[in-house]
Amino acid sequence: MKKIENIAVLTSGGDAPGMNAAIRAVVRAGIYNGLNVFGIRRGYDGLVHGDIIPMDAKSVANIIQRGGTVLKTARSDEFRTYEGRRQAFENIQKLGIDALVVIGGDGTFTGASKFIEEFDIPIIGIPGTIDNDLAGTDFTIGYDTAINTVVDAVDKIRDTAESHDRLFVVEVMGRDSGLIALRSGISTGAEAVLIPELEVDYDAIMKRLDKTRKNKSSRIIIVAEGDKEGGLVVAEKIQENFPHYDVRVSILGHIQRGGKPTCMDRVLASRLGVASVEALLEGRRGEMAGLICGQVQFTPFSKAIKHIDKINENLTRIVEILSL
């Protein structure tokens, strides 16, 4: 096995709060272990076009508290082609880069798997996505910050809903996963939560709304954007069934991706960043570093990218029990 002397780090796919903390950890852990560290700007697109810069300890100073990613991120159609990946490999060869750390989600790890297969480059992945939908880790970087952002927003929406006796349908992110919706729904006291993993039973929702206390001055319905119909359609159906309700819709959108990462996300990113560098030095490749039951574990990319579509039924039951 070739001795690793130079590594590079990139962020790919959707940005997530805590990515900067992970970059910082990779860079400083690399330097601590005597490695030269490079940063690849704009993800795989930067890898294809040679947008690669040397990084030192000062490069990552004062970024642990910042949202987004200082290395930028982008989609790359060129990296999806063999010619693009070959150009990417030639670029890292020119700089003597021996291994990569990639921070992102399933698309990021799918690309990394292909790159390893074709060019035998050691790569370790770090889960950075607000959706928390990767196997092999209890939490992904950015998820805790995102749900806290939703909770803060819904708490404020609840204030105005109380003042006007309104029902608010709040649409949150989660194209394929309802975990943001489910956890934020429980923590904000939502009357119902609609997620893509479960078929929507509108009859049950209408009965639940009808059964809830008549003197409630506000009602909140949380809808994941991946739900088949979305917040606007859900609001229309509720209004049809309950014309006396003052129904409003709030789509939170990309506010959920931004903001300062929480303490949990900063610590998670720091632990996984250090672990990824140490894993490369130990000879690991093609694996994602994750945290399971408080301990760092490694999962092959092929298993990590499998979307988690099984929802904890106890959480959905709690929503129903507490919505009285």
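Everything numeric in this text was worked out from a predicted model, so none of it was measured.

**Remarks on the overall build of the protein chain**
Reasoning step 1: Along the backbone of the protein chain there are eleven helices and eleven strands.
Reasoning step 2: By its C-alpha atoms, the protein chain is 70 × 35 × 35 Å across when sized along the principal axes.
Reasoning step 3: Put simply, of all contacts in the protein chain between residues at least 6 apart along the chain, 76% involve residues at least 24 apart.
Reasoning step 4: Surface accessibility of the protein chain: about 14800 Å² in total, with carbon and sulfur atoms responsible for 49%.
Reasoning step 5: If you average the places of the 40 positive and of the 44 negative side-chain charges in the protein chain, the two averages end up 4 Å apart.

**Considering the packing of aromatic side chains**
Reasoning step 1: Evaluation of the coordinates by the stated rule reveals eight aromatic pairs.
Reasoning step 2: On the basis of an interplanar angle of 20 degrees and a centroid distance of 4.9 Å, the ring pair of Phe-89 and Phe-119 is categorised as stacked. Of the two residues, Phe-89 is situated in helix α3 (residues 82-94) and Phe-119 in helix α4 (residues 106-119); the sequence distance between them amounts to 30 residues.
Reasoning step 3: Judged by its relative accessible area of 18%, Phe-89 falls in the buried class.
Reasoning step 4: Each residue in the set Tyr-44, Phe-79, Tyr-82, Phe-89, Phe-115 and Phe-119 is aromatic and connected to the rest through ring pairs, giving one cluster.

**Details of the sheet that holds strand β6 (residues 166-172)**
Strand pairing in a sheet is mediated by backbone hydrogen bonds. Such pairs are either parallel or antiparallel.
Reasoning step 1: Taken together, four strands build an open sheet; the order of strands is β7-β8-β6-β9 and the sheet is parallel. Both edges of this open sheet fall to β7 (192-194) and β9 (246-251), since each of them pairs with a single strand only. Within this sheet the neighbouring strands show an average axis-to-axis angle of 20 degrees, counted without direction.
Reasoning step 2: The sheet contact formed by β6 and strand β8 (residues 219-224) spans six bridges and is parallel.

**So, the domain arrangement of the protein chain**
Much of the literature gives interface size as the accessible area that the parts lose upon coming together.
Reasoning step 1: Per the domain assignment, the segments making up the protein chain are domain 1 (6-142 + 261-304) and domain 2 (143-258).
Reasoning step 2: A separation of 34 Å is found between the C-alpha centroids of domain 1 and domain 2.
Reasoning step 3: Taken residue by residue, the interface counts 16 residues in domain 1 and 13 residues in domain 2.
Reasoning step 4: For the domain 1 and domain 2 pair, buried surface summed over both sides reaches about 1200 Å², with 56% attributable to carbon and sulfur atoms.
Reasoning step 5: Across the domain 1-domain 2 interface, the total number found is zero salt bridges.
Reasoning step 6: Our count for the domain 1 to domain 2 interface comes out at eight residue pairs in polar contact (both at pLDDT 80 or more).
Reasoning step 7: Within the side of domain 1 that touches domain 2, the residues separate by chemical class into six nonpolar, six polar and four charged.

**What about the nonpolar core?**
Reasoning step 1: The biggest cluster of nonpolar side chains holds 58 residues, and the ones touching the most others in it are Ile-7, Val-170, Val-172, Ile-180, Val-193, Ile-220 and Ile-222.
Reasoning step 2: Tallying contributions element by element places helix α5 (residues 143-164) first for this core, with eight residues.
Reasoning step 3: Lining this core are residues from two domains, each supplying at least three of them: domain 1 (6-142 + 261-304) and domain 2 (143-258).
Reasoning step 4: Here Ile-220 is in contact with Val-154, Ile-157, Arg-158, Phe-168, Val-170, Ala-190, Glu-191 and Ala-192, once residues within four sequence places are set aside.
Reasoning step 5: Listed in part, the 26 residues of the second largest apolar core include Ala-8, Phe-38, Leu-47 and Ala-304.

**Points about helix α9 (residues 263-281)**
Reasoning step 1: Between its terminal C-alpha atoms α9 stretches 28 Å, which fits the 27 Å expected from 19 residues at 1.5 Å a residue.
Reasoning step 2: Restricting attention to buried positions, one finds in α9 the residues Asp-265, Leu-268, Ala-269, Leu-272, Gly-273, Ala-275, Ser-276, Val-277, Ala-279 and Leu-280.
Reasoning step 3: Phi for Gly-283, located one or two positions after α9, is positive at around 95 degrees.

So, how was this worked out
Residues numbered from 1 in each chain as written. Predicted model: local features only at pLDDT ≥ 70, side-chain atom pairs only at ≥ 80, totals over all residues. Heavy atoms only, no water. Helix = DSSP H or I, 4+ residues; strand = E, 2+ residues; numbered from the N terminus. Contact = heavy atoms within 4.5 Å. Areas by Shrake-Rupley, 256 points an atom, 1.4 Å probe, with all protein chains shown as cover. Lys, Arg positive; Asp, Glu negative; His and termini not counted. Charge placed at Lys NZ, Arg CZ, Asp CG, Glu CD. Phe/Tyr/Trp six-rings, centres within 6.5 Å; stacked < 30°, edge-to-face > 60°. Buried < 20%, exposed > 50% of the residue type's maximum accessible area, 1.4 Å probe, protein only. Pairing = 2+ DSSP bridges. Axes fitted to C-alpha atoms, helices over the stretch in contact; angles between N-to-C directions. Domains from an automatic or database assignment. Buried area = accessible area lost by both parts, 1.4 Å probe. Salt bridge = Lys/Arg side-chain N within 4 Å of Asp/Glu carboxyl O. Polar contact = N/O pair within 3.5 Å; in protein donor to acceptor, adjacent residues only side chain to side chain. Nonpolar A, V, L, I, M, F, W, Y, C, P; charged D, E, K, R; others polar. Core = buried A, V, L, I, M, F, W, Y, C linked by side-chain atoms within 4.5 Å. Expected span 1.5 Å × (residues − 1).

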